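As a plain string of letters, each chain reads:
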Amino acid sequence: MSSTTENLVEEKDKVVSSEENEYQLRRRRIAEVFSKAYGAEFEALSQLPPEELEKQIEEIRKRQEEGTPPQSPFNLHTLFWILATIGICYFTDFLPSIQHNQDVKRAWLYAGLGFIGINVIIGFYLVVICSFIRKINDWEEHAPTAIPIATAFFMMGALCVNVALWPVYGLLTPVFLFTLFMGFIVSIAMIPIFSLS
């Protein structure tokens with residue numbers, strides 16, 4: 001009886017040691033990959049005297065706390081989206097075709113514009129009323145459901161507008177709408193009141 005219990009204990013120890021070995025093997029493999037990727041930088045840091053290392057760590061912390069200054073909204077990326085939006089509106093007669101084309105599914109269009117309108121109202125509330133007027137910067141605490149609701153309404157609105165305009169533009173509909181959306185977003189970012197921090 002005692003020999004069987006000793007055998008069981010030995011087998012259990014072997015299982016535990018093999019699990020430890022597997023764990024150690026995984027740790028060593030991860031350390032090797034990490035060392036290949038970042039080894040030279042850590043090697044250089046380990047050569048520094050402790051005072052210099054503390055100074056560099058303090059500088060990194062200061063930079064992280066200060067953050068990077070906000071980039072100007074006037075750049076090539078912004079110019080591209082604005083020119084693309086103008087090009088779509090000009091060359092495809094986008095607005096007149098939405099107003100006068102009989103192929104546009106009006107019910108879907110109005111539903112989509114309604115959903116997007118609700119999204120814009122929620123955005124106006126968060127950005128203008130909460131941030132600029134009431135000086136509330138933590139939207140998640142003040143209105144925790146606002147952003148998920150706005151996202152859901154935007155997705156439903158985008159889907160409805162895509163369905164409404166599909167008979168007119170076909171496969172180009174999502175491309176046109178995405179370009180118009182990006183043009184709208186970068187144009188809003190260029191308004192000085194929204195660029196303030």
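Residues numbered from 1 in each chain as written. Predicted model: local features only at pLDDT ≥ 70, side-chain atom pairs only at ≥ 80, totals over all residues. Heavy atoms only, no water.

Caption draft 1: Examining a nonpolar patch on the surface more closely. On the surface, Leu76, Leu79, Leu83 and Ile86 cluster together into a nonpolar patch covering about 430 Å² of accessible area. Taking relative accessible area as the criterion, Ile86 reaches 51% and is therefore assigned exposed. (Patch = residues over 30% accessible without salt bridge, like charges linked within 9 Å, V, L, I, M, F, W, Y side chains within 5 Å. Areas by Shrake-Rupley, 256 points an atom, 1.4 Å probe, with all protein chains shown as cover. Salt bridge = Lys/Arg side-chain N within 4 Å of Asp/Glu carboxyl O. Buried < 20%, exposed > 50% of the residue type's maximum accessible area, 1.4 Å probe, protein only.)

Caption draft 2: How the structure looks around a negative patch on the surface. Taken together, the side chains of Glu51, Glu52, Glu54 and Glu59 define an acidic patch exposed on the protein surface. Along the chain, the position of Glu54 falls in helix 2 (residues 50-66). Accessibility expressed as a relative area gives 56% for Glu54, which makes it exposed. (Lys, Arg positive; Asp, Glu negative; His and termini not counted. Charge placed at Lys NZ, Arg CZ, Asp CG, Glu CD. Helix = DSSP H or I, 4+ residues; strand = E, 2+ residues; numbered from the N terminus.)

Caption draft 3: How the structure looks around the packing of helix 5 (residues 106-133) against helix 7 (residues 146-169). Packing of helix 5 against helix 7 brings their axes to within 7 Å, and their N-to-C directions diverge by 155°. Judged by the angle between their axes, helix 5 and helix 7 are roughly antiparallel. Taken as a pair, helix 5 and helix 7 cross one another with a handedness that is left-handed. Looking at the contact of helix 5 with helix 7 residue by residue, the class counts come to 21 nonpolar, three polar and no charged. (Axes fitted to C-alpha atoms, helices over the stretch in contact; angles between N-to-C directions. Parallel < 35°, antiparallel > 145°, perpendicular 65-115°, else oblique. Left-handed = near helix turned anticlockwise from the far one by under 90°. Nonpolar A, V, L, I, M, F, W, Y, C, P; charged D, E, K, R; others polar.)

Caption draft 4: Representation of helix 3 (residues 76-91). Helix length check: helix 3 (16 residues) gives 22 Å between terminal C-alpha atoms against 22 Å at 1.5 Å per residue, within 8%. Residues of helix 3 that are buried: Thr78, Trp81, Thr85, Gly87 and Ile88. Those residues of helix 3 that are buried are in contact with helix 4 (94-100) and helix 8 (173-190). (Expected span 1.5 Å × (residues − 1). Contact = heavy atoms within 4.5 Å.)

Caption draft 5: The arrangement of helix 7 in detail. With 24 residues, helix 7 extends 33 Å between its outermost C-alpha atoms, agreeing within 8% with the 34 Å of an ideal straight helix rising 1.5 Å per residue. Most pronounced at Val163, the bend in helix 7 amounts to some 30°, and the proline Pro167 follows within four residues. Those residues of helix 7 lying buried are Ala146, Ala150, Gly157, Cys160, Val161, Asn162, Ala164, Leu165 and Tyr169. Check the buried side of helix 7 and you find it contacts helix 4, helix 5 and helix 8. (Bend = angle between axes of the 7 residues up to and from the residue.)

Caption draft 6: Spatial organisation of the UniProt feature "transmembrane region" (unreviewed entry) in the protein chain. Look at the UniProt record and you will see "transmembrane region" (unreviewed entry) annotated at residues 78-95, 107-133, 145-169 and 175-196. Split by type, residues 107-133 is 100% helix and 0% strand. Its first and last C-alpha atoms lie 36 Å apart. (UniProt positions renumbered as here; feature names shortened; annotations may be inferred.)

Caption draft 7: Fine view of unusual backbone geometry. Even without being a glycine, Asp93 presents a positive backbone phi close to 50°. Examined against the element boundaries, Asp93 turns out to sit in the loop between helix 3 and helix 4. Given a relative accessible area of 45%, Asp93 falls into the partly exposed group. With phi around 60°, Lys135 is a residue other than glycine that occupies positive phi space. Positionally, Lys135 belongs in the loop between helix 5 and helix 6 (139-142). For Lys135, a relative accessible area of 60% corresponds to the exposed category.

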